[in-house]
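Listed here are the chains, written in short residue letters.
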Amino acid sequence: MLNCAVIGLGGLGKLHLNNLLSLEDDVKLVALCDVEPDKLSKAQDTNQGVQETKVDLSHINFYTDAEEMLKKEELDLVVVALPTYLHAKYAIMALEAGAHVFSEKPMARTSEEAAKMIETANRLGKKLMIGQCLRFNKACGALKHFYENGELGKFVRADFHRFSLVPVWGWDHWYEDFEKSGCAALDLHVHDVDLINWVFGLPEYVSSVAGHRRTPFESISTRYFYKDGTLVTASCDWSFGNSFGFRRGYYAEFENATLEMKENGEVKVHPIEGETYDFKVDVVNPYLEEMKELISAIKEDRPVKVLVPESTKQTLDLALAEIKSAQTDEPVYL
């Protein structure tokens, strides 16, 4: 049984809290922390709906100071669900307190911070996992499946999109502060950046353009250039209104068919010859699956298998390269 704590009780913090409560055979939730004490009882908005915890948590120790919590509690696992610019600080603090760490995406605000997180985990012999949850999404896994096995023929190109409203619900409006969040380019877009890195690997270089109307980097569109001629594009925008909601998906063209992930998560195969058919994928909670993988790695004392920290740092570096390309209006090589 792993003693666990959650730092940050916003939307994703609540989501992880509920998932941990469902894993009672493996983890014991012993402490919670947020600078706002009433966060525990409040429902929290996210672009995928409201998150709330309906069970009685009065028996769990509550803190408003994470450093105090880490000193007083004996913890095996700490979940860091704080704003991006705080990920590295508190992940490192938890690692140094002797805990394994799950930290939300993106890994950090800078590449240097991410490198320090990895160095600390390796030096102390602790597990570190970053919540790039699409690697556990079966509809996204379908793309990797067909790309690697060649069933649809040679891969030709892919296009990804991810659109949302501005996340105005963030604590102290941190999402809208580019220095703290990287705005849509680093917060929302990083999901597709990670999927591209996971499936295709790092490109040779990127070329990006961005929009800055309601927030800095409210939108970004990128072309990823690979030495073998692979063509990948991705667009992200969080300037839509509430009525538009949240939408995402991809198209991947192969020699013999086009693979499509639809808005509802269904995967369709559109053959060059023949009728469209469904590619059946299991419906899973990717946030729960990533947490189960980390818990398994801790209990079995093995490295994490999917969200390897060095790989998620590559994703961060790729997203930062896109930001630099848009800022300079020049291609950026990786």
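Anyway, here's the lowdown on the structure attached to this text. (Residues numbered from 1 in each chain as written. Predicted model: local features only at pLDDT ≥ 70, side-chain atom pairs only at ≥ 80, totals over all residues. Heavy atoms only, no water.)

## Observations regarding the sheet that holds strand β14 (residues 277-278)
Rule in force here: Note: two strands are recorded as paired if DSSP finds a minimum of 2 bridges between them. Comment: elements are numbered from the N terminus, with helices defined as DSSP H or I runs of at least four residues and strands as E runs of at least two. Contact criterion: two residues are considered in contact whenever any of their non-hydrogen atoms come within 4.5 Å of each other. All axes are obtained by fitting lines to C-alpha atoms, using only the stretch in contact for helices, and the reported angles, taken between N-to-C directions, cover 0 to 180 degrees.
Spatial ordering of the open sheet is given by β14-β13-β12-β11-β7-β10-β9-β8-β15, a layout of nine strands whose pairing is mixed. Two strands close off the open sheet at either side, each with one partner strand: β14 and β15 (332-333). Pairing of strand β12 (residues 257-261) with strand β13 (residues 267-271) involves five bridges; the strand directions are antiparallel. Looking across to β13, one finds that Thr258 is bridged to His270. Packing against the sheet, helix α8 (residues 190-200) makes contact with β7 (155-165), β9 (219-225) and β10 (231-240), and its axis sits at approximately 160° to β7. Where helix α10 (residues 309-328) meets the sheet, its contacts fall on β8 (205-211), β9 and β15, and the angle it forms with β8 comes to roughly 60°.

## Brief notes about the pattern of salt bridges
Heads up, the condition is: Within this document, salt bridges are pairs made up of a side-chain nitrogen of Lys or Arg and a carboxyl oxygen of Asp or Glu, the two lying within 4 Å of each other. Throughout this description, buried means an accessible area under 20% of the type-specific maximum (1.4 Å probe, protein chains only), exposed means over 50%, and partly exposed covers the range between.
Considering all chains together, one arrives at 19 salt bridges under this definition. In this structure, Lys116 engages Glu119 in a salt bridge whose closest nitrogen and oxygen atoms are separated by 3.6 Å. Separated by three residues within a single helix, Lys116 and Glu119 lie in helix α4 (residues 111-124), roughly one turn from each other. Judged by its relative accessible area of 33%, Glu119 falls in the partly exposed class.

## Focus: the side chain of His191
Within the element layout of this structure, His191 appears in helix α8. With residues up to four places along the chain from it excluded, the contact list for His191 reads Lys105, Gln132, Cys133, Leu134 and Arg162.

## Re the pairing of β7
The sheet contact formed by β7 and strand β11 (residues 247-254) spans eight bridges and is antiparallel. Of the residues in β11, the one forming a bridge with Ala158 is Ala252. In this sheet, β10 lies alongside β7 in parallel orientation, the contact comprising eight bridges. Paired with Arg157 across the bridge in β10 is Leu231.

## Looking at the nonpolar core
One broad trend across soluble globular proteins is that nonpolar side chains are buried collectively. The condition that has to hold: Each nonpolar core is a collection of buried residues, namely Ala, Val, Leu, Ile, Met, Phe, Trp, Tyr and Cys, held together in the definition by side-chain atoms within 4.5 Å.
Counting 79 residues, the largest nonpolar core has Met69, Met117, Leu143, Phe160, Phe200, Tyr224 and Leu259 as the members making the most contacts within it. If one sorts the elements of this core by residue count, α8 sits on top with seven residues. With 26 residues, the next largest nonpolar core counts Val27, Ile60, Val79 and Leu307 among its residues.

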